[in-house]
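Letter by letter, the chains look like this.
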Amino acid sequence: MSYAESATPAYQAQSEQAQSDQAQSEQAQAARLPANHLFDTVLPVRPAAVDRGSVERARPGMVEDLLANKETLALVLAGRQALIQSNQLFMPAAHGLLERLRELGTAADHVIYLGAAVPESDLPAGTEIVLIILPGTVEPGAAGIPSDAEWAGFRDIAAVLNPTDTALFVEASAIANWHATHTHCPRCGVPTVVESGGWVRRCPEDNSEHYPRTDPAIIVTVMGPDGRLLLGGGGPLDAKNYSTLAGFVEPGESLEQAVIREIHEEVGVKITRCQYLGSQSWPFPASLMLGFSAITEDTVATPDGVEVTRARWFSRAELQAAVLAGEITISSRLSIARSLIEHWYGGRIMDRADT
Ligand SMILES: [Zn+2]
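The rules behind these values
Residues numbered from 1 in each chain as written. Predicted model: local features only at pLDDT ≥ 70, side-chain atom pairs only at ≥ 80, totals over all residues. Helix = DSSP H or I, 4+ residues; strand = E, 2+ residues; numbered from the N terminus. Buried ≥ 20, exposed ≤ 12 C-beta atoms within 10 Å, placed from the backbone. Contact = placed C-beta atoms within 7 Å. Core = buried A, V, L, I, M, F, W, Y, C linked by C-beta atoms within 7 Å. Pairing = 2+ DSSP bridges. Expected span 1.5 Å × (residues − 1). Arc of directions from axis to C-beta.

Enquirer: It is not clear to me how the overall build of the chain should be interpreted in this structure. Could you clarify?
Expert: Helix and strand counts for the chain stand at 8 helices and 18 strands. Across the 355 residues of the chain, 37% fall into the buried class. Long-range contacts, defined as pairs at least 24 residues apart, comprise 68% of the intrachain contacts of the chain with a sequence gap of at least 6.

Enquirer: I tried to follow the environment of M223 on my own but got confused; where do I start?
Expert: Mapped onto the elements of the fold, M223 is located in strand β11 (residues 215-223). Take M223: there are 20 C-beta atoms within 10 Å of it, and that puts it in the buried class. Sequence-wise, M223 and S315 are 92 residues apart; in three dimensions their C-alpha atoms are separated by 9.8 Å.

Enquirer: For this particular structure, what's the right way to read the nonpolar core?
Expert: One recurring pattern in soluble globular proteins: nonpolar side chains tend to sit buried together. Ranked by size, the top nonpolar core spans 44 residues in total, and within it L75, A82, L114, V130, L131 and A172 carry the most contacts. The dominant element in this core, judged by the number of residues it contributes, is helix α5 (residues 163-181), at 9 residues. Ignoring anything within four residues of it in the chain, the contact list for L114 reads V50, L75, I129, V130, L131, L168, E171 and A172. In this structure, V222, L231, F292 and A311 belong to the second largest nonpolar core, which totals 41 residues.

Enquirer: Honestly, the pairing of strand β16 (residues 287-296) in this entry has me stumped. Any pointers?
Expert: Note on strand geometry: in a regular strand, side chains alternate between the two faces of the sheet. Here β16 lies mainly inside the structure; 7 of its 10 residues are buried. Judged from the 9 bridges that link them, β11 and β16 form a sheet pairing that is parallel. For I219, the partnering residue across the bridge sits in β16 and is G291. The pairing of strand β15 (residues 271-282) with β16 spans 10 bridges and is antiparallel. Of the residues in β16, the one forming a bridge with S281 is L288. Linkage of β15 to β16, two consecutive antiparallel strands, is achieved through a turn of 4 residues.

Enquirer: Explain α5 here, please?
Expert: One full turn of an α-helix is made of 3.6 residues, so residues set three or four places apart face in the same direction. Under the 1.5 Å per step criterion, the end-to-end length of α5 is 27 Å for 19 residues, consistent within 8% with the ideal 27 Å. Counting buried residues in α5 gives 14 out of 19 residues, a clear majority hidden from the surface.

Enquirer: Explain the sheet that holds strand β10 (residues 209-210) here, please?
Expert: Think of a sheet as strands paired side by side through backbone hydrogen bonds, with each pair either parallel or antiparallel. Pairing in this open sheet of 3 strands is antiparallel, and the strands run β8-β9-β10 from one edge to the other. Whereas interior strands pair on both sides, the edge strands pair on one side only; in this sheet they are β8 (193-195) and β10. Pairing geometry for β8 and strand β9 (residues 200-202), over 3 bridges, is antiparallel. Pairing of V194 across the sheet is with R201, part of β9.

Enquirer: Would you explain helix α7 (residues 316-324) in this entry?
Expert: Regarding α7, the residues found buried are R316, L319 and V323. One side of α7 carries all its buried residues, which in axial view fall inside an arc of 65°.

Enquirer: Would you take a moment to explain the environment of F292 for this structure?
Expert: Tracing the backbone through its elements, the reader meets F292 in strand β16. Assessed through the 24 C-beta atoms surrounding it within 10 Å, F292 is described here as buried. Setting aside residues up to four positions removed in sequence, F292 forms contacts with I218, V220, V259, C274, Q275, Y276 and L277.

As structure tokens, this is what we get:
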């Protein structure tokens, strides 16, 4: 999930004048990008780890067939936790697993098709993976789960997972969260039936189909006329955490309109230009973070006091110094927020833990 490793070389040695020059050249570069700049996102976006088989999964009985296949692997999720062993997802053979769990008194809530591993993934190509969602955790050491496996949440483990495990954990969390909160038909209120390998819910009463939801949210680095970065934070005024500004896209709004509205609402700053840089799925519970860099001519930021209580401009040198001094903390390397900040910075920002 961290894009930081591919950020451009370190910036620290450059002078404030050079920083201003770089800001201007970044603006000039942004101006040259073509309008249909769809595939060359500025932040590197990882390719998919699995083929989700959106046609194949529609076949009734597909999941049952996969459960009967001894090669199929199961990602097991309970609440927001997955089974981890040796800093990897522990994915046992799916065959017979549901039966062993039932013998322990645990019936799975859902079995959902996650996809088949692609050749570029960290799994053998073609490995089929299903998600088994349990109503609660089961004790490692039972049902064929090794006693040294343990349950872990995404944030606890994401920093050490390989890209394929990360992608699977994210996909599993997203679809599990949707099922947990969309059990009934929004039109008539009756319980819906799961279809298409877990990717559709159908109402047996009015036959309406319901698809997994993703909530788009913009997340933005705002740069002032002098090249400084505007970061904000919520909560107590003396809190140390600062991050990019962010907010949900409203119905009927373009992403760019959302950037302009949200930034103005949160810190009273008028955005004059913005550019899409890349995205990150953040299914906690259902967000898709759409990263932008934006430019303002304003130099005064006024927090709304609700979502944002603190706002502060940083030069590159000031930001790095404040982080190293422990004066502030910024978003972790798991987040697109950090990638956006480091994109502005022009390289990796050192944390105190790095020194
Ligand atoms: Zn209905």
